[in-house]
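As a plain string of letters, each chain reads:
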Amino acid sequence: MSEAASKVISLAVIPGDGIGPEVTAEAVKVLTAVTKDSPASFDLTEYSLGAEHWLQTGETLPEETLAAIKGHDAILFGAVGAAPGDTAIPSGLIERELLLKLRFNLDHFVNLRPSKLFPGVASPLANPGDIDFIVVREGTEGPYVGNGGSLRTGTAHEIATEVSLNTAYGVERVVRDAFRRANDRPRKKLTLVHKHNVLVYAGKLWKRIVDEVAPEFPNVAVDYLHVDAATIFLTTDPSRFDVIVTDNLFGDILTDLAAAVTGGIGLAASGNINMEGTFPSMFEPVHGSAPDIAGQQKADPTAAILSAALLLHHLGFHAEAERVEQAVEADVAGRSGQARKTAEIGDAIAAAVS
Ligand SMILES: NC(=O)C1=CN([C@@H]2O[C@H](COP(=O)(O)OP(=O)(O)OC[C@H]3O[C@@H](n4cnc5c(N)ncnc54)[C@H](O)[C@@H]3O)[C@@H](O)[C@H]2O)C=CC1
Ligand SMILES: CC(C)CC(=O)C(=O)O
Ligand SMILES: [Mg+2]
């Protein structure tokens, strides 16, 4: 039984586009199964949002819907967005006006992305070693804030800017969070990944803040890598990493790479966490809407299911979360050569946690 008190959890579910609804259905199935005899239960409210919803209604995330979402205890998010070549929807509209609007308005400053090579899972690396690290990606700043513009659009002299915003307040709170997480892990190692040899203003701020916070965590060993070198080590020596702290863009890119070296994007979970508890946190797979396989029951729902486990941990239902993680570990260990449908994987994991 969990140490958390009995609770009806008000959960907003945003399945989204493409494979989002397919994988979210399996995550809900597993959440329902694992809480059947537990103090936790879920009161689900589904929100129809995303590219398809925009095509039908012209709405991305109306203010009243945002206000309603703020009233829930947590959010389970699938994935949103159109196919990269789709011209019916302006590129970035749904990502910016829905997903990033949620992350920014709900102050999800910790984008937590664990990377673990589970026993029995094949890595594309010849010698992957024991990969088990977390990326603490800043979630509310960096180049994703929409601080940019175009001049002389459509001419040969067109100018486009996309300015990265880094505040001392924003950097310090995420750096401190990463130090705390490193301090709680057995290896106690923190790697700052940035590019302060070129991005000197933002890079210096990140480096200085890490140096300033470090004395509060004397047991944590601190390391630094430029992001380009980090991609080398993620593929040649990923077991060197324990906790990576980095900005919004570098963290986005590094976590797709980390997913690839730990068995694929279908296994990579994430949490967009408001550590202050002022608004609900949101849990979603690292992957996108995968239009190339949508509607075919080909998507791996494991990332969504592991994101649901992060949600359970966040709400204090650690025993239930661990049951889900153990069921996933057992499932992935026995997968070689099996081609199962999305729902079959969800059914197997749900049965294992029931
Ligand atoms: N959090 C979100 O909602 C995100 C949304 N997007 C959006 O998703 C759309 C597609 O983006 P892409 O760049 O193609 O990235 P993607 O992550 O959707 O797909 C990349 C590749 O990974 C595969 N893949 C992804 N998830 C999988 C799963 N669960 N099981 C098996 N294979 C899986 C896809 O089939 C594709 O070949 C775009 O509109 C993009 O903006 C992209 C990333 C995150
Ligand atoms: C706004 C999202 C599409 C960015 C992304 O790819 C991610 O958060 O993984
Ligand atoms: Mg991404």
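Source: prediction; values computed, not measured. (Residues numbered from 1 in each chain as written. Chains lettered and ligands numbered in written order. Predicted model: local features only at pLDDT ≥ 70, side-chain atom pairs only at ≥ 80, totals over all residues. Heavy atoms only, no water.)

S.K.: Please clarify how the site of ligand 2 should be interpreted in this entry.
M.R.: If you check the shell around ligand 2, you find E95, L99, L100, R103, R113, R137, D252 and V286 and nothing else. One of the side-chain N or O atoms of R113 is found 3.1 Å from an oxygen atom in ligand 2. Contact with the protein chains hides 76% of the accessible area of ligand 2, taken as 280 Å² for the molecule alone. Per-element accounting of the shell around ligand 2 gives the leading share, 4 residues, to helix α4 (residues 93-105). Classifying every residue of the shell around ligand 2 by side-chain character gives 3 nonpolar, no polar and 5 charged. (Near = heavy atom within 4 Å. Polar contact = N/O pair within 3.5 Å; in protein donor to acceptor, adjacent residues only side chain to side chain. Areas by Shrake-Rupley, 256 points an atom, 1.4 Å probe, with all protein chains shown as cover. Helix = DSSP H or I, 4+ residues; strand = E, 2+ residues; numbered from the N terminus. Nonpolar A, V, L, I, M, F, W, Y, C, P; charged D, E, K, R; others polar.)

S.K.: How do you make sense of the UniProt feature "domain: Isopropylmalate dehydrogenase-like" (unreviewed entry) in the protein when you look at a structure like this?
M.R.: Sites flagged by UniProt as "domain: Isopropylmalate dehydrogenase-like" (unreviewed entry) map to residues 10-349. Taken end to end, residues 10-349 is 39% helix and 23% strand, and its first and last C-alpha atoms sit 23 Å apart. (UniProt positions renumbered as here; feature names shortened; annotations may be inferred.)

S.K.: What's the story with helix α3 (residues 63-70) in this structure? I'm lost.
M.R.: It helps to recall that an α-helix has 3.6 residues per turn; residues three or four apart then point in one direction. If you check which residues of α3 are buried, you get T65, L66 and I69. Around the axis of α3, the buried residues are gathered within 100° of arc, so they sit on the same side. Turned more than 90 degrees from where α3 packs its buried face, E63 and E64 sit exposed. Close packing links the buried residues of α3 with β1 (7-16), β3 (74-79) and α4. (Buried < 20%, exposed > 50% of the residue type's maximum accessible area, 1.4 Å probe, protein only. Arc of directions from axis to C-beta. Contact = heavy atoms within 4.5 Å.)

S.K.: Can you walk me through the side chain of E141 in this structure?
M.R.: Among the secondary structure elements, E141 is positioned in the loop between β5 (132-138) and β6 (142-151). Of the side chains with opposite charge, R173 lies nearest to the buried E141, which makes no salt bridge, at 5.7 Å. Setting aside its immediate chain neighbours within four residues, E141 contacts L165, N166, T167, G170, V171 and N248. (Lys, Arg positive; Asp, Glu negative; His and termini not counted. Salt bridge = Lys/Arg side-chain N within 4 Å of Asp/Glu carboxyl O.)

S.K.: Quick question: what am I supposed to make of the UniProt feature "binding site: substrate" (unreviewed entry) in the protein here?
M.R.: As recorded in UniProt, the sites labelled "binding site: substrate" (unreviewed entry) are R103, R113, R137 and D228. For the annotated residues, spread through 126 residues, the largest C-alpha to C-alpha distance comes to 26.4 Å, inconsistent with a single compact locus. Looking at the element boundaries, R103 is found in helix α4. On the basis of relative accessibility, which here comes to 5%, the residue R103 falls in the buried class. Not counting residues up to four positions away in its chain, the partners in contact with R103 are H108, N111, R113, R137, G139, T140, N272, M282 and E284. Classification of D228 as partly exposed rests on a relative accessible area of 41%. Here the side chain of D228 touches K195 through a polar contact of 2.8 Å, side chain to side chain.

S.K.: Sorry if this is basic, but what is going on with the sheet that holds strand β2 (residues 40-46) here?
M.R.: The strand order across the open sheet built from 10 strands is β2-β1-β3-β12-β11-β4-β5-β10-β8-β9, with neighbouring strands paired in mixed fashion. Where the open sheet ends on each side, the last strands, each with one partner, are β2 and β9 (221-226). With strand direction ignored, the average angle separating the axes of adjacent strands in the sheet is 25°. Across 5 bridges, β1 lies against β3 in parallel orientation. Looking across to β3, one finds that G16 is bridged to A79. Across the sheet, helix α9 (residues 302-314) is in contact with β1, β2, β3, β4 (110-116), β11 (269-273) and β12 (281-285); its angle to β12 comes to roughly 160°. (Pairing = 2+ DSSP bridges. Axes fitted to C-alpha atoms, helices over the stretch in contact; angles between N-to-C directions.)

S.K.: Honestly, the site of ligand 1 in this entry has me stumped. Any pointers?
M.R.: In the vicinity of ligand 1, 21 residues are found, and the nearest of them are A82, E95, G288, A290 and D292. With respect to ligand 1, the side chain of H287 contributes an N or O atom lying 3.3 Å from a nitrogen atom. Interatomic distance of 2.8 Å between a backbone N/O atom of G288 and an oxygen atom of ligand 1. Of all the elements in the fold, those that place two or more residues in the shell around ligand 1 are β3 and α4. By residue class, the composition of the shell around ligand 1 is 12 nonpolar, 5 polar and 4 charged.

S.K.: Any chance you could explain the environment of L44 here in plain terms?
M.R.: Relative to the assigned elements, L44 resides in strand β2. A relative accessible area of 42% means that L44 is categorised as partly exposed. Between the alpha carbons of L44 and I75 there is a distance of 9.6 Å; along the sequence they are 31 residues apart. Apart from residues lying up to four places away in sequence, L44 is in contact with L11, V13 and V28.

S.K.: Honestly, helix α8 (residues 248-261) in this entry has me stumped. Any pointers?
M.R.: Compared with the 20 Å implied by 1.5 Å per residue over 14 residues, the 20 Å span of α8 between its first and last C-alpha is a close match. Of the residues making up α8, those classed as buried are N248, F250, G251, L254, T255, A258, A259 and V261. Down the axis of α8, the smallest arc covering the buried residues is 160°, so these residues share one side. Two or three places before L249, at the start of α8, stands the capping residue D247, its side-chain oxygen 3.2 Å from that residue's backbone nitrogen. G263, located one to two residues past α8, shows a positive phi value of around 110°. (Expected span 1.5 Å × (residues − 1).)

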